[in-house]
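If you want the building blocks of each chain, they are given just below.
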Amino acid sequence: MSPVATPTLSKARLALALALQLALAAIDIAIEGSTLTISGSVLLVPLVLAVIGEGREVAITGAVGVAVAIGSTWWNDITGTGQTIYRIGFFSVFAVLAVVASRARERATALAARNERLATDAKDAELRERFLAEAGQLLASSLDYEQTLERVARMIVPRLADWCGIDMVDEDGDIHQVAVAHVDPDKVEMAHEMRRRYPPDMTSSTGLAAIARGGRAELYAEIPDELIEAAARDEDHLRLIREIGMRSAMAVPMRIGDETLGVITLVSAESGRRFDDDDLGFAQDLALRAATAIQNSRLYAVQERVAHTLQASLLPERLPELPGWEARAVYQAGERDADVGGDFYDILPVESGHLIVLGDVTGKGIEAAALTSLVRHSGRMAARFDPRPSHVLALIDEVLREQPRLSLVSAVCALVETDTGGARLTVASGGHPLPLRRRRGEPPAPIGDHGVLLGVGPDGEWQETTVEIAPGDTLLFYTDGVTDTPGPDSARFGEVRLVDAMERAGEGAEALLEEIDRSLRAFQSGAAVDDRAMVAMRFHGQSDGVAGGAAVVASA
């Protein structure tokens, strides 16, 4: 900001004014005038200075004017007359008025300058607040904080500084540079080369290394050449530093509590800016926002890794081999902030065949994951002693009712028994959507009867239904996240659309899941969906010599 110019005492101007006053007085003496014409013109000097000069100049020339008035009564031979009093009073009044006018003008000028400074400061504050808001939006726009910091550095240059460098501190306390910005790409490359050849001295008591170790922010309002020479490690280093053209610099830590995450360095060069304490405070505000965004990004990354690891542990890593069957499974998490879903599936080898368990627990997140783990392992334990579906559901129900809080789960359990003559499917459902069977020449149809939800009460019964499975039959087990998928006008995907998708699908378990997924994507409106889990199985029959492997088809 350029301050408004105010009048200052000028010795040359004062000397000229006094010389003019004395010249006028001399002329008055020489002509021995009896009027105020000559001596009165002496008053013009302080009056003019009241407009262009400084208050002290006006006071001095005004006092000289009064002195001339007193003297003029002597050389004009009017001493002791009434004209003497008039003349002295006239000069004195005009001298005082000139001084008062000068002081008023100076106060008005100072007030205008103050108002301009306030207006400029308000404008600067508004621009800085706007910049911080833009930077905050940018920092919150991505969880890739290194890429975001590069964009922040480019945003800073040239609005706040000619150079911006951002360094991160790793777990070992070492520094690595993540961003350098300048309007000239060649100079950016020069800065990268200088960093490669002359990395920071981590033992230094000042600068980047010291701040990274927990030191305070540093401001160098002016950078004299002596400081640059002291920082250079050799002649080539000195040359590179001088090519940067540093005039002013500051470095601020990106810090959360006692942990220093990184350092932002701002340098003024060709623009000639001079950083001050206000600039330092602003840079610290920016660094705090950047540190908060980095910390949030890191915490989210850790949480996401934990959630993915936990979710993977709740689903089988791969499906077991089912002789005579092709089996595929797919799981899709629901809302982005759910972290861990409540849907699960499992296929367990038992003495008489394989047990399929698929269900949906109440809740989301860690609590849902814990309940899923409990149900899954309870089902596995029950299957070791008695793989009948109704027995497995009864044991899971008993475990759920022993929990300290209400724990509700819907689940379907099916026992697949395969022999040389064909296959049988025995199904029991605990408040869960029934599996669908697709057979050539027939529309897909549900198998079994709905039973009560697991974990509700002690009187639950789960009826079993057994059907024969012929070669070419395809089975679909699914959670209600499939049929509850929202579409246009608040409609739900529903079982009718699911059956239609099954009829359109090609042969095979994988083709079936792919067609259902395409149908769901085409129907879905919005991003708010529930978790989805599906298991598809197609029976080839033992006589054709095909033993279907198992694979998990994952979709995001």
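Everything quoted here is computed from the prediction, not taken from an experiment.

### Thoughts on the overall build of the protein
Okay, so step 1: Across its full length, the protein carries 16 helices and 17 strands.
Okay, so step 2: Here the protein, with 556 residues, has 46% of them falling under the buried criterion.
Okay, so step 3: Put simply, of all contacts in the protein between residues at least 6 apart along the chain, 70% involve residues at least 24 apart.
Okay, so step 4: Carbon and sulfur atoms make up 55% of the accessible area of the protein, which amounts to about 27800 Å² in all.

### Observations regarding the side chain of Glu218
Okay, so step 1: Tracing the backbone shows Glu218 in strand 3 (residues 218-220).
Okay, so step 2: At 2.8 Å, the side chain of Glu218 and the side chain of Tyr220 are in polar contact.
Okay, so step 3: Other than its neighbours up to four places away in sequence, Glu218 contacts Thr206, Gly207, Ala210, Ile211, Ala249, Met250, Ala251 and Leu280.

### Remarks on the packing of aromatic side chains
Okay, so step 1: Inspection of the entire model under this criterion finds two aromatic pairs.
Okay, so step 2: Ring centres 4.9 Å apart and planes at 40° place the aromatic pair Trp325 and Phe539 in the tilted group. With a gap of 214 residues between them, Trp325 in strand 6 (residues 325-332) and Phe539 in strand 16 (residues 532-539) connect regions that are remote in the sequence.
Okay, so step 3: Trp325 gets classed as buried once you look at its relative accessible area, which sits at 1%.

### Things to note about the confidence of the model for the protein
Okay, so step 1: The pLDDT averaged across the protein works out to 82; a share of 83% of its residues lies at or above 70.
Okay, so step 2: Contacts from residues 1-6, a stretch scored under 50 in pLDDT, to residues over four places away or in other chains number eight contacts.
Okay, so step 3: Counted against residues more than four places away or in other chains, residues 543-556, with its pLDDT under 50, gives 40 contacts.

### Describing the environment of Ala369
Okay, so step 1: Note on placement: Ala369 falls in helix 12 (residues 365-385).
Okay, so step 2: In this structure Ala369 comes out as buried when scored by relative accessible area, which is 3%.
Okay, so step 3: Through-space distance from the C-alpha of Ala369 to that of Phe344 is 9.6 Å; in sequence the pair is 25 residues apart.

### Some points on the pattern of salt bridges
Okay, so step 1: For the coordinates displayed, the defined rule picks out 24 salt bridges.
Okay, so step 2: For Asp236, the salt bridge identified is with Arg239, shortest N-O distance 2.6 Å. With Asp236 and Arg239 both in helix 10 (residues 235-244) and three residues apart, this pair spans about one turn of that helix.
Okay, so step 3: Between Arg328 and Glu510 there is a salt bridge, and its shortest N-O distance comes to 3.4 Å. Of the two residues, Arg328 is situated in strand 6 and Glu510 in helix 16 (residues 509-523); the sequence distance between them amounts to 182 residues.
Okay, so step 4: According to the relative accessible area criterion, Glu510 is partly exposed, its value standing at 33%.

### A short note on unusual backbone geometry
Okay, so step 1: Note the cis peptide between Val157 and Pro158, where omega equals 0°.
Okay, so step 2: Here Pro158 shows up in the loop between helix 6 (145-156) and strand 1 (163-169).
Okay, so step 3: At Asp489, a residue that is not glycine, the phi angle is positive and equals roughly 55°.
Okay, so step 4: Tracing the backbone shows Asp489 in the loop between helix 14 (480-483) and helix 15 (494-504).
Okay, so step 5: Looking at Asp489, the relative accessible area reads 77%, which means it is exposed.
Okay, so step 6: In this structure, Ser490 is a non-glycine residue whose phi angle is positive, near 65°.

Scoring rules and cut-offs
Throughout, a residue's number is its position along its own chain's written sequence, starting from 1. Local features in a predicted model are, by the rule used here, given only for residues with pLDDT of at least 70; side-chain atom pairs are given and counted only at 80 or more, and totals for whole chains, interfaces and linings are based on all residues. The basis for the side-chain values is all heavy atoms of the structure; hydrogens and waters are excluded. Each helix is a run of H or I in the DSSP string that is no shorter than four residues. Each strand is a run of E no shorter than two, and both are numbered from the N terminus. Accessibility here uses a 1.4 Å probe with only protein chains present; expressed as a share of the type maximum, an area under 20% marks a residue as buried, one over 50% as exposed, and anything in between as partly exposed. By definition in these notes, contact holds between two residues if any of their heavy atoms fall within 4.5 Å. Methods summary: accessible areas were calculated by the Shrake-Rupley approach with a probe of 1.4 Å, and residue burial reflects only the protein chains presented. Within 3.5 Å is the distance limit for a polar contact, defined as a pair of N or O atoms, with the added protein rule that one can donate a hydrogen and the other accept it, and that residues adjacent in sequence qualify only through two side-chain atoms. What counts as a ring pair is set by centres within 6.5 Å for rings of Phe, Tyr and Trp (its six-membered ring), and what kind of pair is set by the plane angle: stacked under 30 degrees, edge-to-face over 60, tilted for all other angles. A score between 0 and 100, pLDDT records how confident the predictor is in each residue. For this document, the term salt bridge refers to a Lys or Arg side-chain nitrogen within 4 Å of an Asp or Glu carboxyl oxygen.

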